[in-house]
Amino acid sequence: MQSLRTRLFAILLITTGLLWLSATVWIFLSTRAEVERVLDARLMEAARMVNSLIVSPDMMKEEGDGDTGRPAQSAIKIPLLEHPHYDRQLSCQIWSLDGTLIGKSDSAPDMTLAPHATGFSETVINGETWRVFAVENASLGVRVLVGDNLRIRDRLVNDLVKGLLLPALLIIPLLAVLIWLSVGRGLAPLRKLAGDLAAREASDLHAIEDTGTTREISPVLKSLNGLFARVAGAREREQNFIAFAAHELRTPLAGLKTQAQVALASDDGEIREKALGQIVAGVDRTGKLVRQLLDIASVEASESARPAAGFDVGETLANLRTELAGQAHRVDVVINGPMFGLRISMDPDLFRLAARNLLENAINHSPSGATVCCRTERRDRHLVIAIDDEGPGIPEEEMPRVTERFFRGRFKAAAGSGLGLSIVERALDRTGAELELCNRESGGLSARIVLPLALVEAATRAQV
Amino acid sequence: MRVLIVEDDDILRDGLKVGLALAGFTSDAVGTCDAAATALAANGFDAVVLDLMLPDGSGLDILRDLRARQNDVPVLLLTARDTVRDRVAGLDTGADDYLGKPFDLDEVAARLRALARRSSGRASAGLEWSTLKLDPARQSVEQAGKPVQLSRREYSILHTLMSHPGVIFSKAKLEDKLYGWQEEIESNAVEVHIHHLRNKLGPGLIETIRGIGYRLGGAG
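Because the structure is predicted, anything quoted here is derived from the model rather than measured. (Residues numbered from 1 in each chain as written. Chains lettered and ligands numbered in written order. Predicted model: local features only at pLDDT ≥ 70, side-chain atom pairs only at ≥ 80, totals over all residues.)

What follows concerns the overall build of chain A. Scanning chain A from N- to C-terminus turns up nine helices and 12 strands. Taken over 464 residues, chain A has a buried fraction of 25%. Sequence separation of at least 24 residues holds for 64% of the intrachain contacts in chain A that already meet a minimum separation of 6. (Helix = DSSP H or I, 4+ residues; strand = E, 2+ residues; numbered from the N terminus. Buried ≥ 20, exposed ≤ 12 C-beta atoms within 10 Å, placed from the backbone. Contact = placed C-beta atoms within 7 Å.)

The following block contains the structure:
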């Protein structure tokens, strides 16, 4: 795992180093150019100065009269600033135009510094490069050559750059230390947050206090706290579900066991028979509960509805009616004619699940001999599939809670588990439809599946 | 012994009622907090079997109300939530014992007997009065080492009287212990049962305190 601190440190150090390096290169180049320009100007000036010094013909005559054609014994000495490293920087030669060395400075070589007539040139003499400026004085018949050794020039430039680089080399480690400390200090809020998080128990889902953190950390903290709240909520729901599920599963088991023990303990045939009857009813109920728990699990496991398929609403309901006939006490389930042939397109399994639970609820809550009526109606851009019963309905104060898992109201059916409406709501939600419950004016409940007309197959839409 | 069963599951409630009757208890059964509160207000129970999750509230609320009214009837909690935390919450609210579902019917009966015994301040399970011995667990009665056959009602009356020696029970109170709500009470039933008991165990065992009621008499 990479450390943010090391990463920032490396980035800062490398960029700073590169900046230093390019600055140094730039200074090196510009200094060298500047030094060359200045030194060239000095060469030029020196050459012209020498030239002007020897301009008087008398001086030349006086010198040259005695021994014309021979090299002058006393070379012209050009006054130079005394400097330990750069002394005798300049070398000067005066040649007659016919190629005789008239005079030279101490440091100048005996050979000619440059073959050319006027201007700058570079010559290699004894392995050393000289930069030379020449002035030709045609009236006196002499050529003045002033040159300096490039080695000395380079040394000058190098010394300058070294003067810059040396402090840099000393500063960079210091800079590194400072960067390391600053980065560490800058990351302190992050480290504190990490420390706080690490110190928490795995089960601790309380919000982290947002006290004086930085603007950058604050959003992270906010979303973390939001996440904690969501996880805590989910965990609480899960725990409630488990507690309810435990109750709903263990209670029928306890009932079965108790009735079985009653049957075993009693000598009375009537008591035994009644207990065995209760056991059969209990097994049916537990079976239904298990089926519904599995339904809930499958509805919740599928993130979205499976592919839609067209099916006939009337036929589906008629099949469910046949399926439920076995457990129905004498309740008449009527499916209105226009529902047959009406085709909708959605996940058929989820629709079946929802319709089955609603139909089962209607039958179980109906008094014996009552009628359950399945019908459709159109409402704006929606199709309503209603299942109307003649049971007790749902007390208004219980309405908001009936779709909670395991909620069982005042008028609960003996075989209910409190899961049916919860399954219906979730199943319909997955398919884009909605569950609507309302008490009928004539008594009983109207449970309605409300779905967008778009889900009704176009060819049969006229039927609605 | 008269027991109130508070349990919302029809099959379990019925099983407990029938099963406890087989074990010699007289029981009434209700399925909601409301009905339980009404029944407990009557105050004729020796013990309460209480489910925690009821459709109109929690059994713990009933328990809390009961204890707030200084009613110390022994309470046996029945529940599916039997983590340590749930048990502690139940016992701390004032429950006397705790059973997780699914339970054994015999165990429920045994615990109820133990609760009743403790609430009347006795340590041993059996009841004794001179040469008479009553074993609540086996619903058996012995006189001077010989078993005596008693009907269910006769046994209940003897059990009630022997649980509180010296205490006078009115006829109405004995009827309370003998019959659940739905049961028809014959007008002279208690007198008939007492008469049978005197025939089987000797005339001096149960004294009639005229105008007040009955209690265990001298050395039977």
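Having put the structure on the table, let's press on.
Below, the discussion takes up the overall build of chain B. Helices and strands together make up the secondary structure of chain B, namely eight helices and 13 strands. Relative to all contacts within chain B whose residues are 6 or more apart in sequence, the contacts with residues 24 or more apart total 56%.

Within the secondary structure layout, A:Arg7 lies in helix H1 (residues 4-53). Distance in space between the C-alpha atoms of A:Arg7 and A:Val183 is 9.9 Å, their sequence separation being 176 residues.

We now examine the pairing of strand S13 (residues 213-216) of chain B. Regular strands place their side chains on alternate faces of the sheet. All names here are of chain B. Taken together, the four bridges between strand S12 (residues 206-209) and S13 define a ladder with antiparallel strand orientation. Bridging from a neighbouring strand, glutamate 207 pairs with arginine 215 of S13. Connecting the antiparallel pair S12 and S13 is a turn made up of three residues, with glycine 211 showing a positive phi of about 80 degrees. (Pairing = 2+ DSSP bridges.)

Turning our eyes to something else, we now look at helix H5 (residues 105-119) of chain B. Along its 15 residues, H5(B) runs 21 Å from first to last C-alpha, staying within 8% of the 21 Å computed at 1.5 Å per residue. Elements in contact with the buried residues of H5(B): helix H5 (217-265) of chain A together with strand S1 (2-6), helix H1 (10-22), strand S3 (47-51), strand S6 (75-79) and strand S7 (97-100) of chain B. Taken from the residues just after H5(B), B:Gly121 is the one with a positive phi, measuring 80 degrees. (Expected span 1.5 Å × (residues − 1).)

With that out of the way, let us pick up the interface of chain A and chain B. Contacts between chain A and chain B engage 24 residues on the former and 18 residues on the latter. When residues of the side of chain A that touches chain B are traced back to their parent elements, those giving at least two are H5 and helix H6 (269-301) of chain A. Ranked by residue count, the leading element in the side of chain A that touches chain B is H5(A), at 15 residues. Taken together, the residues of the side of chain A that touches chain B break down into 11 nonpolar, nine polar and four charged. (Nonpolar A, V, L, I, M, F, W, Y, C, P; charged D, E, K, R; others polar.)

Core analysis: the biggest nonpolar cluster contains 46 residues, and B:Val3, B:Val6, B:Ala47, B:Val49, B:Leu50, B:Leu76 and B:Leu112 have the highest contact counts within it. A per-element tally of this core places H5(B) first, with six residues. Formed by 39 residues, the second largest nonpolar core is a distinct cluster that contains A:Ile344, A:Val402, A:Leu421 and A:Leu428. (Core = buried A, V, L, I, M, F, W, Y, C linked by C-beta atoms within 7 Å.)

All names here are of chain B. Between helix H3 (residues 59-68) and helix H4 (residues 84-93), the shortest axis-to-axis distance is 9 Å and the interhelical angle comes to 25 degrees. Taken together, H3 and H4 sit at an angle that is classed as roughly parallel. Facing H3, whose interface residues are Leu60, Leu63 and Arg64, H4 presents Ala89, Gly90 and Thr93. Broken down by class, the residue content of the contact of H3 with H4 amounts to three nonpolar, two polar and one charged. (Axes fitted to C-alpha atoms, helices over the stretch in contact; angles between N-to-C directions. Parallel < 35°, antiparallel > 145°, perpendicular 65-115°, else oblique.)

Residue and element names in this part refer to chain A. When you line up the elements, glutamate 136 lands in strand S4 (residues 128-137). The class for glutamate 136 is partly exposed, based on 18 C-beta atoms found within 10 Å. Residues in contact with glutamate 136, not counting those within four places in the same chain, are Ala117, Thr118 and Arg143.

Residues and elements named next belong to chain B. The strand order across the open sheet built from five strands is S2-S1-S3-S6-S7, with neighbouring strands paired in parallel fashion. At either end of the open sheet lies a strand with only one pairing partner, and these are strand S2 (26-30) and S7. Strand-to-strand twist of the sheet, defined as the mean angle between neighbouring strand axes without regard to direction, takes the value 20 degrees. As paired elements, S6 and S7 share four bridges and run parallel to each other. Within S7, the position partnered with leucine 76 by the bridge is aspartate 97. Those strands touched by H3 are S1, S3 and S6, and its axis lies near 150 degrees from that of S3.

This part is about the packing of helix H6 (residues 152-163) of chain B against helix H8 (residues 189-201) of chain B. Residue and element names in this part refer to chain B. Look at H6 against H8: their axes get within 9 Å of each other, and the N-to-C directions meet at 85 degrees. Put simply, H6 runs roughly perpendicular to H8. Side by side, H6 and H8 meet where Arg153, Glu154, Ile157 and Leu158 of the first sit next to His193, Ile194, His196 and Leu197 of the second.

What follows concerns the confidence of the model for chain A. Low-pLDDT stretches of the model should not have their predicted coordinates read in fine detail. With 89% of its residues at a pLDDT of 70 or more, chain A shows a mean pLDDT of 82. Segment residues 60-84 of chain A: pLDDT under 50, and 27 contacts once partners within four positions in sequence are set aside and those in other chains are kept. (pLDDT = per-residue confidence, 0-100.)

Let us now look at the confidence of the model for chain B. Scored by pLDDT, chain B comes out at a mean of 86, with 97% of its residues at no less than 70. Two numbers describe this predicted complex: its pTM, 0.58, and its ipTM, 0.73.

Residue and element names in this part refer to chain B. Spatial strand order, S8-S9-S10-S11: four strands in an open sheet with antiparallel pairing. Edge positions in the open sheet fall to strand S8 (127-129) and strand S11 (146-148), since each of these has one partner strand only. Sheet twist, expressed as the mean angle between neighbouring strand axes with direction ignored, is 25 degrees. When S8 meets strand S9 (residues 132-135), the two strands line up antiparallel, connected through three bridges. Bridging across to S9, glutamate 128 finds its partner in lysine 133.

As a further point, take the environment of B:Val30. All names here are of chain B. Here valine 30 shows up in strand S2. Valine 30 sits in the buried class, given 20 other C-beta atoms within 10 Å. The sequence separation of valine 30 and aspartate 14 amounts to 16 residues, and the corresponding C-alpha distance is 9.9 Å. Setting aside chain neighbours within four positions, we find valine 30 in contact with Val6, Ala35, Ala36 and Ala39.

Turning to unusual backbone geometry, a few remarks are in order. Across the junction of B:Lys101 and B:Pro102, the peptide omega takes the value -10 degrees, indicating a cis bond. With respect to the helices and strands, B:Pro102 occurs in the loop between S7 and H5.

Our focus in this paragraph is the pairing of strand S5 (residues 142-149) of chain A. Residues and elements named next belong to chain A. Most of S5 is tucked away, with seven of its eight residues classed as buried. Pairing of strand S1 (residues 90-96) with S5 involves seven bridges; the strand directions are antiparallel. Across the sheet, leucine 90 pairs through a bridge with aspartate 148, a residue of S5. Pairing of S4 with S5, which is carried by eight bridges, proceeds in the antiparallel orientation. Across the sheet, the residue bridging to asparagine 137 is valine 142, located in S5.

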